[in-house]
Amino acid sequence: MSERAPLLASDSEEHDARNHPTPFNITVRSVVWGILTVLTTATLVVMLFFRDRLPDGVKLLPWVGGDPRDPTVAALAILDKSPIIDGHIDLPVIARYQFANNVSSIDLNSNMPGHVDIPRLRKGKVGGFFWSVYVSCPDPKDEGKEFLGAAWQVRYKFCFYVEKENLLLLARDTLEQIDVAKLLIEKYPDTFQFARSSADIKAAVSNGKIAGLLGVEGAHQLGNSIAAVRQYYALGVRYITLTHLCHNAFADSCGLAPGKTPLHNGLSSFGLSLIEEMNRVGILVDLSHTSDSTAAQAIKHSKAPVIWSHSSARAIHAVPRNVPDEILSLIGTGSGQRDAVVMVNFAPYFVAPEGGANVAAVANHIEHISAVTGRQHVGIGSDYDGIEETPTGLEDVSKYPTLIAELYSRGWTQFELAGLAGGNFLRVFEGAERVSKELRAAGVQPVYDLYAKRTDIPH
Ligand SMILES: *[C@@H]1O[C@H](CO)[C@@H](O)[C@H](O)[C@H]1NC(C)=O
Ligand SMILES: [Zn+2]
């Protein structure tokens, strides 16, 4: 017991001090509490009202919660995690007609003509895009019903006349455009990573690279051959647009001006076979440029989700290239609806009447489409480098964050905007990959149909 006495004594001394504080203790405590209160209040004020001005590493600390108030800051933060995947960029057209496809003479680190180069892609927070493999249609006046005609005069849309003797040369030119896209991707391994799958896109993005994908714009580039689909797939092509401005053996186009006379009233029976083979191999069906009948029939026939790689909303601006509400209403998660993504085109003549194309007008297209389909079914397909003019505020690939910021300030959440930027496309791509896997696993055979009007092979 005696050994515990001093301890008890000491305890009781401390107890005493707490119950009877000295004036000195009171002063110290008041100062400490005062400083803590001021610090806490200041932190709260900074976090709530000045968060956007804090250094990068601090402003989005997870425990802060909520979204940054400044739309531009919010857009950049969203795109850092979920970068842009653009459905349609025509850089290979610039390579062909301005550089004769000589990749040595193309410097993507320099200020390129057109809308796309590496510095601007980085500034625009791009995580991937489809390099459009584009070969122009035959001149509409020679657009025959046979698609076997020789000596087609085809006109490059802005400035060049090119002669093509027959469909074989279309296929040659397609191979050249695939080649130039791949060579440019390979030339900049620190920037680009070739992608053949949704997993490849994700891997590229997590490596800090820009995924490079191939899309063939116009099934006229198949030379009426479904075998070509399989070989384009082997080369890495992951979408084929069913038509460009011309009708072809597979499907009707919407053309450019209103009132284009239909040829098949949508898909031909050969076109139905084409879709079956695209589903089986795992190439996305792209419905940009198609007629409304083609689009409606393709949505119904395709087992895989479809895309519009670069199309806007007809209800906002009434041109044939835009998607009408009756087609949009087929898209969604409701009963009888199908998954799909409409990747909105920036071409001013599709966005608004002359002089009206700007960031708000493009955002109006996105909001209209998602009002009909849901926000999980919109994406971005700018058509940069394939259009002469651009909307005010969306002059090139560095400007995507401006569009994201516009929608953020209209109340879109970071999750919806991550979907718009690329997530919605990825989901649709994964859906098509799944369908292909299932069809192959079920032993569905390749399509061997030959174009009925061919006479070179007995059939
Ligand atoms: C391709 O471009 C390089 C670099 O400008 C040039 O040296 C070369 O001669 C060009 N090749 C052809 C075939 O024009
Ligand atoms: Zn196009």
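Everything below is about the structure shown above.
Summary of the structure given here. (Residues numbered from 1 in each chain as written. Chains lettered and ligands numbered in written order. Predicted model: local features only at pLDDT ≥ 70, side-chain atom pairs only at ≥ 80, totals over all residues. Heavy atoms only, no water.)

1. Some thoughts on the overall build of the protein chain
Thought 1: Looking only at helices and strands, the protein chain features 16 helices and eleven strands.
Thought 2: For the protein chain, buried positions account for 51% of its 459 residues.
Thought 3: In the protein chain, of all internal contacts separated by at least 6 residues, the share reaching a separation of at least 24 is 70%.
Thought 4: Just so you have it, the protein chain exposes about 20900 Å², and 57% of that area is on carbon and sulfur atoms. (Helix = DSSP H or I, 4+ residues; strand = E, 2+ residues; numbered from the N terminus. Buried < 20%, exposed > 50% of the residue type's maximum accessible area, 1.4 Å probe, protein only. Contact = heavy atoms within 4.5 Å. Areas by Shrake-Rupley, 256 points an atom, 1.4 Å probe, with all protein chains shown as cover.)

2. Quick look at the packing of aromatic side chains
Thought 1: The full count for this structure, using the stated rule, is 13 aromatic pairs.
Thought 2: Note on Y188 and F192: the rings are 6.3 Å apart at their centroids and 80 degrees apart in plane angle, and the pair reads as edge-to-face. By the burial criterion, Y188 is buried, and F192 matches it.
Thought 3: Between Y384 and Y400, the ring centres sit 5.9 Å apart and the planes meet at 70 degrees, which makes this aromatic pair edge-to-face. Here the residue Y384 occupies a position in the loop between β11 (378-380) and α15 (400-409), and Y400 occupies one in helix α15, the gap between them amounting to 16 residues.
Thought 4: With relative accessibility at 1%, the residue Y400 sits in the buried group.
Thought 5: Cluster of aromatic residues (ring-pair linked, three or more members): F129, W131, Y188 and F192.
Thought 6: In this arrangement the basic side chain of R96 is found over the ring face of Y97, its NZ or CZ atom lying 5.9 Å from the centre. (Phe/Tyr/Trp six-rings, centres within 6.5 Å; stacked < 30°, edge-to-face > 60°. Lys NZ or Arg CZ within 6 Å of the ring centre and 35° of its normal.)

3. Some remarks on the site of ligand 1
Thought 1: With respect to spatial proximity, the complete set of residues near ligand 1 consists of N102, S104 and S105.
Thought 2: Summarising the interface, the protein chains cover 24% of the accessible area of ligand 1, which totals 360 Å² for the free molecule. (Near = heavy atom within 4 Å.)

4. Describing the coordination of the zinc ion (ligand 2)
Thought 1: Surrounding the zinc ion (ligand 2) are the protein donor atoms E217 (OE), H289 (NE2) and H310 (NE2), at 2.0 to 2.2 Å.
Thought 2: Sequence spacing of the donors to the zinc ion (ligand 2): E-x71-H-x20-H. Remark: H310 occurs in the loop between β9 (306-308) and α12 (325-328) and E217 occurs in strand β6 (residues 210-217); sequence separation between them is 93 residues.
Thought 3: For H310, a relative accessible area of 0% puts it in the buried group. (Donors = N, O, S within 2.8 Å, 3.2 Å for Na, K, Ca; no water.)

5. Quick notes on the pairing of strand β2 (residues 126-134)
Thought 1: For β2, a buried count of nine out of nine residues is recorded, marking the element as mostly surrounded by other parts of the structure.
Thought 2: As defined by bridge partners, strand β1 (residues 84-89) adjoins β2 across four bridges and the pair is classed as parallel. Paired with I84 across the two strands is V126, which belongs to β2.
Thought 3: Summarising the sheet, β2 and β6 pair through seven bridges and their orientation is parallel. (Pairing = 2+ DSSP bridges.)

6. What to know about helix α9 (residues 227-235)
Thought 1: Turning to α9, its buried residues number three or more, namely A228, V229 and Y232. The buried residues of α9 occupy an angular sector of 105 degrees when the element is viewed end-on, so they sit on one face.
Thought 2: The first or second residue beyond α9 is G236, which carries a positive phi of 110 degrees. (Arc of directions from axis to C-beta.)

7. Quick look at the nonpolar core
Thought 1: Counting residues in hydrophobic clusters, the biggest one holds 93 residues, and the most contacted among them are L108, W131, F192, L242 and W308.
Thought 2: Leave out the neighbours within four places in its chain, and W308 touches D286, L287, S288, A295, I299, V323, I327, I331, A340, V341, V342 and M343.
Thought 3: Counting residues in hydrophobic clusters, the runner-up holds 20 residues, among them F130, A211, I307 and V428. (Core = buried A, V, L, I, M, F, W, Y, C linked by side-chain atoms within 4.5 Å.)

8. Some words on the state of the cysteines
Thought 1: Taken as a whole and assessed by the stated rule, the structure comprises one disulfide.
Thought 2: Two residues, C137 and C246, share a disulfide whose sulfurs are 2.0 Å apart. Between C137 and C246, the S-S dihedral sits near -70 degrees, and the bridge is therefore left-handed. Taken together, the positions of C137 in the loop between β2 and β3 (152-155) and C246 in the loop between β7 (237-241) and α10 (269-281) put the pair 109 residues apart, joining distant regions of the chain. Just as C137 is buried, C246 falls in that class too. (Disulfide = S-S within 2.5 Å.)

9. Digging into unusual backbone geometry
Thought 1: At H289, a residue that is not glycine, the phi angle is positive and equals roughly 75 degrees.
Thought 2: Tracing the chain through its elements places H289 in the loop between β8 (284-286) and α11 (292-301).
Thought 3: Among the residues examined, H289 registers a relative accessible area of 6% and is labelled buried.
Thought 4: In this structure, D383 takes a positive phi of about 75 degrees despite not being glycine.

10. What about the pattern of salt bridges?
Thought 1: Counted according to the given criterion, the structure contains 17 salt bridges.
Thought 2: For the salt bridge of K125 with D80, the shortest nitrogen-to-oxygen distance reads 2.8 Å. Of this pair, K125 sits in the loop between α6 (118-123) and β2 while D80 is found in helix α4 (residues 71-81), placing the two residues 45 residues apart along the sequence.
Thought 3: Linking K399 and E395 is a salt bridge whose minimum nitrogen-to-oxygen distance equals 2.7 Å.
Thought 4: Taking the relative accessible area as the measure of exposure, E395 reaches 30% and is therefore partly exposed.
Thought 5: Via salt bridges that share partners, E367, R375, E406, R410 and E416 belong to a single interconnected network. (Salt bridge = Lys/Arg side-chain N within 4 Å of Asp/Glu carboxyl O.)

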